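# Chains, contacts and geometry: an overview
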Amino acid sequence: FEEHIHYLLDQNYRILPLTKLVDFLRNSKEIPNKSVFITIDDAFKSFYDHGFPILKKLKLPFSIFVSTDFVSNHEKSDFMSWEMLRDISENNGLILNHTKNHESLLNKEVDIIKQNIIENQTLIEKNLGPQPKILSYPFGESSINIEEIVKKLSYEIAFSQHSSNITRNENLFRLPRFALNEEFGNLRRFKLILRSKPLMVKQINFNDTILNADNFILSFKSKILSKNINCFINNNANLFKEDNEDFNLLKISNLKLGLRYRINCTHINANGEIFWFGKMFKRIN
């Protein structure tokens, strides 16, 4: 993490608070080139012990998404206490909503979803004062119906966990983020992500995130020829890409019940620039 942060600073990246992203997406404000946003889910104590001191020393902004059922003063807890979260909030950290109990919102009744979100926001603000209404879904799992609930609760933006750059054309309530952890967090991949640009797509045939079958077809259009786009999927699902001059056709099968799947489609041009499009979905029936 420290290596990542110093690389950003050495390369003159701008690390901005998420409120600037809200201004960019909702208020058409401009943000500097080479802007990044740092988010951390779950409020593990390990971040307070190891990551936070680096950001605090450098006075850099960041955001923590918290599920208040896990906030604890217990010495053996893996999660932060309110005192730790208060320290973060007083040092450029936003404390944001990750739902109260961190259970998936999929297949939950509307009132249960609302209660889980509202009570969490209330507890955060009771202990730490007003915070922006920005949400991160547990496990990154949402749906069109859930996103509509979040919108009606007056949240400004909400985050999932699929990999892609953010553009003005995004679904504001299903924003992508690049995961950087012990499995996908080496400096080489980090540099690759920072060099990436959005792979702009249109006319996607499937805009939701939940499936009720073990196979489906995803299609979309792009200015880039289909043969020059490579697509991948995780969790041992099968993906067959049929090249077509007009659109990309992905035939996907072997989808297991209850698993989350992420599709990443990339194009590398003659100058070595990488363009990236990501999508996440889950089979629930």
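Anything mentioned here points back to the structure above.
Quick look at the structure, then. Remember, predicted model here, so these are calculated numbers, not experimental data. (Residues numbered from 1 in each chain as written. Predicted model: local features only at pLDDT ≥ 70, side-chain atom pairs only at ≥ 80, totals over all residues. Heavy atoms only, no water.)

### A few points about the packing of helix α5 (residues 110–128) against helix α6 (residues 144–152)
Put simply, the rule reads: Every angle, taken between N-to-C directions, lies between 0 and 180 degrees, and every axis is a line fitted to C-alpha atoms, over only the stretch in contact when it is a helix. Helix and strand assignments come from DSSP, with helices taken as H or I runs of at least 4 residues and strands as E runs of at least 2, each series counted from the N terminus. For classification purposes, angles smaller than 35 degrees are called roughly parallel, those larger than 145 roughly antiparallel, those between 65 and 115 roughly perpendicular, and all remaining angles oblique. Each crossing gets its handedness from the near helix: less than a right angle anticlockwise from the far helix is left-handed, clockwise is right-handed. By the convention used here, residues are in contact when the closest approach between their heavy atoms is within 4.5 Å. By the convention adopted, Pro, Cys, Tyr, Trp, Phe, Met, Ile, Leu, Val and Ala count as nonpolar, Lys, Arg, Asp and Glu as charged, and the other residues, Gly among them, as polar.
Put simply, α5 and α6 touch, their axes get as near as 11 Å, and they point 50° apart. If you check the angle between α5 and α6, you find them oblique. The handedness of the crossing between α5 and α6 is right-handed. Taken together, the residues of α6 that come into contact with α5 (itself represented by V110, I113, K114 and I117) are I146, I149 and V150. Of the residues contributing to the contact of α5 with α6, the split by class is six nonpolar, no polar and one charged.

### Considerations on the pattern of salt bridges
Put simply, the rule is: Salt bridge, as applied in this entry: a Lys or Arg side-chain nitrogen positioned within 4 Å of an Asp or Glu carboxyl oxygen. Summary of the burial criterion: residues with accessible area below 20% of their type's maximum are buried, those above 50% are exposed, and those between are partly exposed, where the area comes from a 1.4 Å probe applied to protein chains only.
One pass over the full model with this rule turns up 11 salt bridges. Measuring nitrogen to oxygen at the nearest pair gives 3.7 Å for the salt bridge that ties E103 to K108. Judged by its relative accessible area of 40%, E103 is partly exposed. By relative accessible area, K108 is classed as partly exposed at 32%. Here E242 makes a salt bridge to K251, at a shortest N to O gap of 3.3 Å.

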